[in-house]
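# Commentary on secondary and tertiary structure
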Amino acid sequence: MPRLPGPRFATDCTIDVDGRPVAARTGESVAVALLAAGRALIARSSKYHRPRGAFCLAGSCHACLARVDGVPNQRTCRVPCRPGLSVESQNALPSAPHDVLGAVDHLYAHGLDHHHLMTWNSLANRAAVAFSRRLAGTGTLAGGTPSRSPPPSDERFEAVVVGGGPAGLAAAEALARSGRRVLLADAEPALGGRLRCTLSREGPPLSWAAEVARSVSAAGGTAALGHTAFGVWRDGECFLVPFRAEGPGAPILLARTPRLLLATGTWAVPPLFARNDLPGIFAARGLARALVEDGLVPGERALVLGAGPESEGVGALLARTGMEVRAAGQVEAAHGALRLEGATLAGGDRMACDTLAFAGPRAPASDLARLAGASVSLDPASGGWFVRAGAGGATGVTGLRVAGEVVARVNAAEAAAAGRLAGEAAHAD
Amino acid sequence: MPTEKTLVCACEDVTLEEVRSAFAAGHRDIESVKRYTGLGTGPCQGKSCLALVTSELLRLGAAPGEAEPFTARPPADPVTLAALASLDPSALPRQSAGGSWGGSAADSFPPRPSGALPERARVVIVGGGIMGLGLAYNLAIRGLSDVVVLERGYLNAGASGRNGGGVRTQWSTPTMIRLAKRSLELCRRFAVDMGVNVWMRQGGYLFLAATAAQVARLEKNLPVHEAHGLRTRIITPDEALEIVPQLDASRFLAAAWNPDDGVVFPWPFLWGYASRAQARGVRVLTFTRVTGFESTGRRLTALLTDRGRIAADVVVNAAGAWSKEVAALAGVALPNRPTRHEILVTESTKPWLGPLVSVLEDGLYFSQSQRGEIVGGMGDPAEPEGIEMGSTLRFLARFARAITACAPRTGSLRVVRQWAGCYDVTPDNNPILGPAGFENFLQLSGFVGHGFMMAPAVTELMAAWMSGEIPDPIFERFTVDRFARGNAVREDFIIG
């Protein structure tokens, strides 16, 4: 049973995957459609040709790349399904399940020291250069000339909020209620951030996201979904934030604002154990969202790794799909040929599982704040970097405020409270 | 079943074991670990691996200052060249973002230098770029190993680690051609001679000329090239299409093609020179900044650093774009003008581009790296003088417009990272060599944007001269007093 029953989760279109039809739901991500079809394996990895599949299911890890409609290296977790979409696996000869170049992984079982590979004589070296060039590179250049992108929309806002999770929603709401014209942007196709994962009882309900979007519009602002900020620059007194819009032919949005509020949340950090890259190992939040929104049933036996409310939450969601669920505090190694088949737990206990949900500490998504000049401090739990912030999310950079999980490890309710304070402070700026 | 690897960076397939060996081999700070292992250089740009490698480095004993997150570089999410080409560069600001490494931890727990500062040395070289390290290596193999190289950051922090890796013989003056030919020969042998791969690939250089004036510029070089045995030819747009089918042939009138020019991967040159020099007794000290000089009469006697004093018989200024600043500490004025040059890299694809392509009209250049990325840059005539290594949105737009006009199919490629380095520009585009200000203060700077490709040949000649051989004429012709004497001859085949 790859999906939960019910009309909400019924497939309504067919995409083409390596020449074979795969049933999908229009609008759901290609990565989820592949998982629902039992295809955790998407491609082979760049150097060792190890099996690769989706991990974060949220656009940050880039493990789920495939050629989509003739364009290489597309994040399948970000591409929505539509009838006739063509998906091809990459970096495999002849196919992802049977890749002869997987031999590289075994040939260099302890790693390939490319710096000192075949430096004995010039003939060997020239061969190494020629051969490795042919092996390198993932995907092949797209065939045609891409159509011209439309001119950017260059727009000024009184405030820009990046991230539509609890902190960003609360900030945008506070600003909009004060009459500010706000741009509330999120890279995902829906607002809510981690509220969409329904992993924790704290915090506002997901339905609140729609209310915020209405408040934002009422104040003359915009909620821009599928818009990813790819930098932060300054233009005189204003910040200049360019957003890449999802989908071919969508214009870049150049947002100019004196008030920038970053509520960018976190990135999934992979767990560390042998074969931690096997398809079938997922970040808890990304997987939870696919369970809830797409009715995905990723397999039969799941292992939940990690402690705390999110691991309990994802365990409950997995159990609700009818899967057998077990929790573990530590995993020594994963096993499996083309996807996860089992895990060795601490103490040597070995169990069979086809799905692993990792609910370990996530890393603050602080890159935009760092580009804007904010300073960061170590988050020892994840190894990532929190943005340093004072009262109201002030960063020390004029006009730049931050809130939510990018500042501290907070639950959704705390993130919303911090976002509201930052939004109110930004209004007064 | 895949082998029992634990992956830290799934984009570039970097294992935990590889991070540990890099650290054990002396690549302690995160910027060096990134360069040595390749982690964080793939499409996700460290979103998944940064936290894992930070934890691991701290566990291995790295100082907090060594584990500061690697330099923030736009774009924060991959974006296609076609989308970027829709931006109008003239409407974009010149302000930059990112570009510098290190935060507050670097002040209190700074990165650990690679060794103790000795009290004295025969030769102290300021600058651990390819010039300084190449010179140290070439001195060492001539028996002069009482040499100390002082580098203010990690290896590859400066222009040597920031350039596009082009190596060409297509120059306009006999001297430059002679040096470039020797460099090319040394690059070809580097991997075997120095025991580290530099991925030298002679895919040729293709210079595109869009106007009659540019064609004339290419044709003027031809007899000089022929006289020096170069295989340069002027070819038609159709012939150029046979070499790079993705070009838009309507955009240029002719091209200069030399099949022997090529590209290298710059970083390992520094590791190769440094490790072979160290094996012969040279001391390469990273994270050591020169703060002043002591002198007696016409001689420098010692250098002052943020870690103490070191006496020297000879001081070499090989600080690249910082040479002017370093010379000024000794009260010596150099005419060098450091000027930012921006560059970027795209996602990788299977090999499709053989040569390095350059468009004379706008200074665009791009090539495909060994890993399959398109690496390219483009000079900006409006760039002011100054040391600045942040990145602009304006460059993304300018570059995207230029490359998608030149090779339209590149529009679907996504830019994953942009950065900048500083050209070390001189009034006549030729280097500053020989003594300046003091008889034992030797200059090795002013190589504009081609210092990397010239370094193997120039450092060999300089070491020969410093060990008592008859100096090559460049050490007399390119002294700093040529500008006062009025006999500077301009090199005008600068790109980027």
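Residues numbered from 1 in each chain as written. Chains lettered and ligands numbered in written order. Predicted model: local features only at pLDDT ≥ 70, side-chain atom pairs only at ≥ 80, totals over all residues.

## A word on the interface of chain A and chain B
Using the following cut-off: Any residue pair is listed as a contact if its two C-beta atoms, each placed from the backbone, are within 7 Å. Working definition: helices are DSSP H or I runs of at least four residues, strands are E runs of at least two. Numbering for both runs from the N terminus.
With 80 residues of chain A at the contact, the number on the chain B side is 67 residues. In terms of residue count, the dominant contributor to the side of chain A that touches chain B is helix 3 (residues 122-135) of chain A (six residues).

## Side note on the pairing of strand 24 (residues 355-358) of chain A
Residues and elements named next belong to chain A. Put simply, the rule is: Any residue whose C-beta has 12 or fewer other C-beta atoms within 10 Å is treated as exposed, any with 20 or more as buried, and any in between as partly exposed, C-beta atoms being built from the backbone. Pairing between two strands requires that DSSP report at least two bridges joining them.
Side chains of strand 24 alternate between two faces, with T355 and A357 and L356 and F358 buried alike. Sheet topology note: the strand 18 (residues 281-283)/strand 24 ladder contains three bridges and is parallel. Looking at the pairing, A283 lines up with F358 of strand 24. One ladder, built from four bridges, connects strand 19 (residues 301-305) with strand 24; its direction is parallel. Of the residues in strand 24, the one forming a bridge with V304 is A357.

## A few points about the nonpolar core
Going by this rule: For the purposes of this analysis, a nonpolar core is taken to be any set of buried Ala, Val, Leu, Ile, Met, Phe, Trp, Tyr and Cys residues that are connected through C-beta atoms within 7 Å.
Membership of the largest hydrophobic core comes to 315 residues, with the highest contact counts inside it found for A171, L261, L356 and A357 of chain A together with V124, A136 and V147 of chain B. Here A136 of chain B is in contact with I125, V147, V149, A277 and V282 of chain B, once residues within four sequence places are set aside.

## Overview of helix 10 (residues 267-279) of chain B
Residues and elements named next belong to chain B. We count it as follows: Take the residue count of a helix, subtract one, and multiply by 1.5 Å to get its expected span.
Over its 13 residues, helix 10 extends 19 Å from the first C-alpha to the last, a length consistent with the 18 Å expected when each residue adds 1.5 Å. The set of residues buried in helix 10 consists of W267, P268, F269, L270, W271, G272, Y273, A274, A277 and Q278. Residues of helix 10 that are buried sit in contact with helix 2 (30-37), helix 6 (130-141), helix 7 (174-194) and strand 11 (283-285). Backbone geometry just downstream of helix 10 places G281 in the positive-phi region, at approximately 105°.

## A few points about the domain arrangement of chain B
Residues and elements named next belong to chain B. The test is simple: Each domain span listed reflects an automatic or database assignment of domains. In this classification, Asp, Glu, Lys and Arg are treated as charged, Ala, Val, Leu, Ile, Met, Phe, Trp, Tyr, Cys and Pro as nonpolar, and every other residue, Gly included, as polar.
According to the domain assignment, chain B consists of domain 1 (1-70) and domain 2 (120-161 + 267-336 + 428-485). Using only C-alpha atoms to locate each centre, domain 1 and domain 2 end up separated by 32 Å. Counting residues at the interface gives four residues for domain 1, matched by five residues for domain 2. Within the side of domain 1 that touches domain 2, the residues separate by chemical class into no nonpolar, one polar and three charged.

## As for the confidence of the model for chain B
Going by this rule: Scored from 0 to 100, pLDDT reflects the predictor's confidence in each residue.
For chain B, the average pLDDT comes to 96, and 100% of its residues sit at 70 or higher. Confidence metrics for the complex model read pTM 0.97 and ipTM 0.97.

## A word on the sheet that holds strand 20 (residues 324-328) of chain A
All names here are of chain A. To keep it simple, the criterion reads: Axis definition: a line fitted to C-alpha atoms, over the contacting stretch in the case of helices. Angles run 0 to 180 degrees between N-to-C directions.
Pairing in this open sheet of four strands is parallel, and the strands run 18-24-19-20 from one edge to the other. Strand pairing shows two members of the sheet lacking a second neighbour, strand 18 and strand 20, which therefore form its edges. The sheet shows a mean angle of 25° between the axes of neighbouring strands, taken without regard to direction. The pairing of strand 19 with strand 20 spans five bridges and is parallel. By the bridge assignment, A302 is partnered in strand 20 with V325. Running at roughly 90° to strand 18, helix 6 (residues 284-294) makes contact with strand 18 and strand 24 of the sheet. Here helix 7 (residues 309-320) sits on the sheet in contact with strand 19, strand 20 and strand 24, set at roughly 165° to strand 20.

## Regarding unusual backbone geometry
Residue and element names in this part refer to chain A. With omega at 0°, the peptide bond leading from L93 into P94 counts as cis. Inspection of the secondary structure assignment puts P94 in the loop between strand 7 (86-88) and helix 2 (103-107). At D18, a residue that is not glycine, the phi angle is positive and equals roughly 50°. Residue position: D18 is located in the loop between strand 1 (13-17) and strand 2 (20-24). Among the residues examined, D18 registers 16 C-beta atoms within 10 Å and is labelled partly exposed.

## Observations concerning the environment of Q443 of chain B
Residue and element names in this part refer to chain B. Looking at the element boundaries, Q443 is found in strand 21 (residues 438-445). Judged by C-beta crowding, with 27 C-beta atoms within 10 Å, Q443 ranks as buried. The contacts of Q443, once residues within four sequence positions are left out, are N317, I432, L433, G434, A436 and V480.

## Let's talk about the sheet that holds strand 23 (residues 350-352) of chain A
All names here are of chain A. Ordered by their spatial adjacency, three strands build an open sheet running 21-22-23, and the pairing between neighbours is antiparallel. One side of each edge strand has no neighbouring strand; the edge strands of this open sheet are strand 21 (331-335) and strand 23. Mean inter-strand twist for the sheet, computed between neighbouring axes without regard to direction, equals 20°. Judged from the three bridges that link them, strand 22 (residues 342-345) and strand 23 form a sheet pairing that is antiparallel. Paired with T344 across the strands is R350, a residue of strand 23.

## Remarks on the packing of helix 4 (residues 166-177) of chain A against helix 9 (residues 412-428) of chain A
Residues and elements named next belong to chain A. Put simply, the test is: For any helix crossing, the convention is left-handed if the near helix is rotated counterclockwise from the far helix by under a right angle, and right-handed if that rotation is clockwise.
Two elements in contact, helix 4 and helix 9, have axes separated by 7 Å at closest approach and are oriented at 35°. Every pair of crossing elements has a handedness; the one defined by helix 4 and helix 9 is right-handed. Contacts between helix 4 and helix 9 involve P166, A167, G168, L169, A170, A171, A172, E173, A174 and L175 from the former and A412, A415, A416, A418, G419, R420, A422, G423, E424, A426 and H427 from the latter. Of the residues assigned to the contact of helix 4 with helix 9, the class counts are 14 nonpolar, four polar and three charged.

## Comments concerning the domain arrangement of chain A
Residues and elements named next belong to chain A. Taken domain by domain, chain A comprises domain 1 (7-104) and domain 2 (153-267 + 362-428). The straight-line distance from the C-alpha centre of domain 1 to that of domain 2 is 30 Å. Contact with domain 1, which involves four residues of that partner, is made by four residues of domain 2. A per-class count over the side of domain 1 that touches domain 2 returns one nonpolar, two polar and one charged.

## Quick look at the pairing of strand 17 (residues 364-368) of chain B
All names here are of chain B. Of all the five residues making up strand 17, five are buried; the element is thus mostly covered by neighbouring parts of the structure. By the alternation rule, side chains of strand 17 split into L364, F366 and Q368 and Y365 and S367, which are all buried. Where strand 16 (residues 356-359) meets strand 17, three bridges bridge the pair, whose relative direction is antiparallel. Residue pairing in the sheet places S358 in a bridge with Y365 of strand 17.

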